[in-house]
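These are the residues of each chain, in order.
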Amino acid sequence: MVSGLKNCVMVRLFRKFSTIPLNFIPKQLSQSQLQQIQSQRTQPFIPFSRLQNQRNLLQSQLISTLNGCTSLTQIKQTHAYILRKGFDQCCYILTKLVRILTKMEIPMDYYAKLVFNQVDYPNPFLWTALIRGYCLQGLVKDSVFVYNCMRKEGTSPVSFTFSALFKACSTVLDVILGRQIHAHTILIGGFGSDLHVNNSLLEMYVKLGFLGCGRKVFDELPRRDLISWTELIVAYAKIGDMESAGELFGQLPLKDMVAWTAMVTGYAQNAKPREALEFFERMQNEGVETDEVTLLGVVSACAQLGAAKYANWVWGISENLGFNPARSVVVGSSLIDMYSKCGLVEDAYKVFVAMEERNVFSYSSMIAGFAMHGCAHAALELFHEMVKTGIKPNRVTFLGVLTACSHSGMVEQGRQIFASMEKEFAVSPGVDHYACLVDLLGRAGCLEEALNLSETMPVQPNGGVWGALLGACRTYANPDIAQIAANHLFELEPNAIGNYILLSNIYASAGRWNDVSIVRKLMREKGLRKNPACSWLEAKKGVIHEFLAGDMTHPRSDEMKVVLEDLLNRLKDIGYQPNMSSVAYDVNDEDKKRILMGHSEKLALAFGLLSITADCPIRIMKNIRICEDCHSFMCGASQITGMVIIIRDNLRFHHFHGGKCSCGDFW
């Protein structure tokens, strides 16, 4: 690479002068020679402008031909024609040739560099095409070398030169090189107001994680376009700073679809589904066009919120926009996931059945939907149907199937599925699959086997593995193994407060109050605070009502209190007794009963009984796992009221009907 370009530089130091003597003219001409000269003199004169137009037309035709090349053979044929027509020094055409070679991923040294070396005086665009080619092929050092050669020859870079180099720095994660090139744009001068260069510079700093530098570049821009604004909005959204993203969006003079989509998806990705849906509604009211990316962000927000009203609303919008889930695998699979997480697994299956084409993603989404609703047999049946159709399951598919087995206590089936991953489908189990297997064993009460697997698995166990074991220890009241699992979790996730709370609850259930005090002291020393338990449900007209544990500030709190007291008395008549072990505080029994009645899902249930008709299910979403007392309370409430109660906690769905739960008391 180095020697080739150096030789090329040396060649350009010489100019070609004719040294042929002038004594070649014969003294006498023959008759035929005289006639030939005479005929040449009588040929019509062609103006230079017409010749230039013909040349320009031929150049355009050659560019069009290059654009249509689909193979190296066609490129070589076109290149030969370029040489034959005398365009071997035409930088305009040769720049296009180099770019086409780059697009087809032909190695730069194999062809493009040879083309470049034959040009006596390459212009900045031909230099840039070569630099860009090396950048796109990951040869950043070569691209920088070519840039240095360009500068040594006295050729000034153009804006595309720097944009290619900034993109290369982003690719190889080299901020030091990026800053050096940034300095060159300042030293050379003339690029301070170049929007293309500044946007590339802003993008580089953002992608390399130097958001502060990116913001400084943005603030100093003399002129900004939608790309400048949107790049920074997306960057803030990625780090979860939706406040800064919202401020920028508010200042944006002209808001296009990309900017709106950045806000919708940003809120959805940062677990703020309500804000995402509010922005989408504003976007619709403004008449801004919606694309598939926007729609997927809205679907994600609906899935997080779990509101049926929004789920049906989004389906209608997707069809109105031409994204029919029956004909779009991406949209269809997303809607399956959304309906499943909204507690509407039957509607999810309707979408699945209606799809004209199904792939591994649509099957995996439906299997995961069945799994989270405790429909293990349906999940396994769909898995076997998928295999029969010739669609190979992937890692996500197996996570869904193993979860289905885990949530239903199907230990042997889960073992068989896990063993078949690598043996039959060449899918190596990852740490998440081992976490599912530990969860499966732990839920079945095989704590010693689950612990042994956690300590001997061939991959490094993560928080998911030890968290599954810790959760099983609570179910089966094993504080000793819980301590082992918790110690690992405290190292892997030192600031995850849920692990401390879970261990504290396990100690409390075992009556080990000294250990409870030690864990709580550790939480205080680390400055950890418990996230309040929260439940919400969708009432009339799709309005979302939110309830915090022990919070009686709702406008209908007095009515809710009466409903709960009446329900509690009726439950006692059929044998319900409060589960005191669900309270992790060393207080008297009366205080424990009061705390239990203030659990957020019970408050949500009371409001649901006041506001939802008997023919509609009460759908409650909760941010943490439902406790044992609330689980038995909901079973009894469904028996007494005759209503269907559906609760989604942070692990799965529970369908309560007629005094029973779909989980079979196995969760």
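Calculation criteria
Residues numbered from 1 in each chain as written. Predicted model: local features only at pLDDT ≥ 70, side-chain atom pairs only at ≥ 80, totals over all residues. Heavy atoms only, no water. Salt bridge = Lys/Arg side-chain N within 4 Å of Asp/Glu carboxyl O. Helix = DSSP H or I, 4+ residues; strand = E, 2+ residues; numbered from the N terminus. Buried < 20%, exposed > 50% of the residue type's maximum accessible area, 1.4 Å probe, protein only. Lys, Arg positive; Asp, Glu negative; His and termini not counted. Contact = heavy atoms within 4.5 Å. Expected span 1.5 Å × (residues − 1). Polar contact = N/O pair within 3.5 Å; in protein donor to acceptor, adjacent residues only side chain to side chain. Pairing = 2+ DSSP bridges.

## Some points on the pattern of salt bridges
Inspection of every chain in the model, using the stated rule, returns 17 salt bridges. With a closest N to O distance of 3.8 Å, E590 and K593 form a salt bridge. Pair noted here: E590 and K593 are both in helix α32 (residues 589-597), with a separation of 3 residues, about one helical turn. If you follow the salt bridges from partner to partner, you end up with E412, R415 and E449 in one network.

## Examining the side chain of E538
Note that E538 resides in strand β1 (residues 534-538). Buried charge without a partner: E538 forms no salt bridge, and the closest opposite charge is R619, 6.0 Å away. Beyond its immediate stretch of four places on either side in the chain, E538 contacts A307, A308, K309, V543, I544, I612 and R619.

## Concerning helix α11 (residues 195-207)
The end-to-end C-alpha separation of α11 is 18 Å, in line with the 18 Å expected for 13 residues at 1.5 Å each. With 11 of 13 residues buried, α11 is to be regarded as a mostly interior element. For α11, every residue scored as buried is listed here: L195, V197, N198, N199, S200, L201, L202, E203, M204, Y205 and V206. Close packing links the buried residues of α11 with α9 (159-172), α10 (175-188), α12 (211-219) and α13 (226-238). By the N-cap criterion, in which a side-chain oxygen at the helix start approaches the backbone nitrogen of a residue two or three places on, α11 is capped by D194, the distance to H196 being 3.0 Å. Backbone geometry just after α11 places G209 at a positive phi near 85 degrees.

## Considerations on the pairing of strand β5 (residues 653-657)
Burial of β5 is extensive: 4 of the 5 residues sit out of reach of the surface. Of the strand pairs in this sheet, strand β4 (residues 645-648) and β5 are connected by 4 bridges, and their pairing is antiparallel. Across the sheet, the residue bridging to I645 is F656, located in β5. Between β4 and β5, which pair antiparallel in sequence order, lie 4 residues. Across 2 bridges, the pairing between β5 and strand β6 (residues 660-661) is antiparallel. When the sheet's bridge partners are listed, F656 is paired in β6 with C661. Between the antiparallel neighbours β5 and β6 lie 2 residues, among them G658 with a positive phi of about 65 degrees.

## Section: the pairing of β1
Here β1 lies mainly inside the structure; 5 of its 5 residues are buried. Side-chain alternation along β1 places C534, W536 and E538 on one buried face and S535 and L537 on a second face that is also buried. As paired strands, β1 and strand β2 (residues 544-548) are joined by 5 bridges and run antiparallel to one another. Across the sheet, the residue bridging to S535 is F547, located in β2. Bridge count for β1 against strand β3 (residues 618-622) is 3 bridges, and the pairing is antiparallel. Along β3, the bridge assignment pairs L537 with I620.

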